[in-house]
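# What the coordinates show
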Amino acid sequence: MQSRFPEILKSGDQILSLNFTIMKLSGVFLILSFVLFALPACQVVQCGPTKDSFIEKYEAFIAKVEDKDLDLDDSQWEKLDETFKNYIEDCYEYHESDMSAGERRKFWMNSLKYYAARYGEGMIHMLSRDNDITSEQVKKNIEEVMDATGKELEDFIDKNADELEALFEEIGKDIEDWAAKFKEIFEE
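In what follows, the accompanying structure is described. (Residues numbered from 1 in each chain as written. Predicted model: local features only at pLDDT ≥ 70, side-chain atom pairs only at ≥ 80, totals over all residues. Heavy atoms only, no water.)

Glancing now at the overall build of the protein. Within the protein, the secondary structure is distributed over seven helices and zero strands. The order of α-helices and β-strands along the protein, N terminus first, is α-α-α-α-α-α-α. Here the protein holds 188 residues, and the buried ones make up 23% of them. By sequence separation, contacts in the protein at least 24 residues apart represent 61% of the contacts at least 6 residues apart. A total of about 14200 Å² of accessible surface is found on the protein, and carbon and sulfur atoms cover 60% of it. (Helix = DSSP H or I, 4+ residues; strand = E, 2+ residues; numbered from the N terminus. Buried < 20%, exposed > 50% of the residue type's maximum accessible area, 1.4 Å probe, protein only. Contact = heavy atoms within 4.5 Å. Areas by Shrake-Rupley, 256 points an atom, 1.4 Å probe, with all protein chains shown as cover.)

The following block contains the structure:
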């Protein structure tokens, strides 16, 4: 009769090894879970948790850039460029669906302010660069906003044509009356 003790030890080592492997995998899973949940949270902190806070943070950033009035080759631009790139490439997409047409228009007009402050007269050249994701997004969205603005203006004029015509006639009569009064004043 042989002892089963070595078999029990062997199976105990296997169980211990299996438990250790499961613990390692659990630890890896826990770390990956944390990273997957932490990254979006970091994004929310940088971008702002709501559309309104995002817009507020972005407008404050643009105002800060304009107030700095830095030279084109100032080293501070590196950090500002990274922040701007984050707003354009990550944050905007995160909040875009919640923004009204007016808010989107204002966001992209502020982006042009950044380019004007950053590049001065070279702004158009920088917006025309190929293979620059940020510049391409700014240019594409500015075009879309302008097209939408033109369409909105066209729709407004079509919808209110009669009222606008009456308003212009009234303004014309007022201008004629003012011109007559100015003529009297200057003739005296």
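After that view of the structure, there is still more to cover.
With that out of the way, let us pick up a nonpolar patch on the surface. On the surface, a nonpolar cluster with roughly 840 Å² of combined accessible area is contributed by Phe168, Ile171, Ile175, Trp178, Phe182, Ile185 and Phe186. Topologically, Phe186 is positioned in helix H7 (residues 161–187). (Patch = residues over 30% accessible without salt bridge, like charges linked within 9 Å, V, L, I, M, F, W, Y side chains within 5 Å. Salt bridge = Lys/Arg side-chain N within 4 Å of Asp/Glu carboxyl O.)

Before going further, it helps to examine the environment of Ser53. Note on placement: Ser53 falls in helix H2 (residues 51–68). If we skip the residues at most four places from it in the chain, Ser53 touches Cys47 and Gly48. In terms of polar contacts, Ser53 uses its side chain to reach the backbone carbonyl oxygen of Thr50, at 2.9 Å. (Polar contact = N/O pair within 3.5 Å; in protein donor to acceptor, adjacent residues only side chain to side chain.)

Moving on, we come to the state of the cysteines. According to the stated counting rule, one finds one disulfide in the structure shown. Note that Cys47 is cross-linked by a disulfide to Cys91, the S-S spacing being 2.0 Å. Torsion about the S-S bond of the Cys47 and Cys91 cystine: about -80 degrees, corresponding to left-handed handedness. Taken together, the residues span a long stretch of sequence, with Cys47 in helix H1 (residues 5–47) and Cys91 in helix H3 (residues 77–95) at a distance of 44 residues. The two residues Cys47 and Cys91 agree in class, both being buried. (Disulfide = S-S within 2.5 Å.)

Two quantities define a packed helix pair, namely the angle between the helix axes and the distance between the axes. Packing of H2 against helix H4 (residues 101–119) leaves a shortest axis separation of 10 Å and a crossing angle of 20 degrees. Here H2 lies roughly parallel to H4, going by the angle between them. For the pair H2 and H4, the sense of crossing is left-handed. Between H2, through Lys51, Asp52, Phe54, Ile55, Tyr58, Glu59, Phe61, Ile62, Val65 and Glu66, and H4, the contact on the second element is made entirely by Glu103, Lys106, Phe107, Asn110, Ser111, Lys113, Tyr114 and Ala117. (Axes fitted to C-alpha atoms, helices over the stretch in contact; angles between N-to-C directions. Parallel < 35°, antiparallel > 145°, perpendicular 65-115°, else oblique. Left-handed = near helix turned anticlockwise from the far one by under 90°.)

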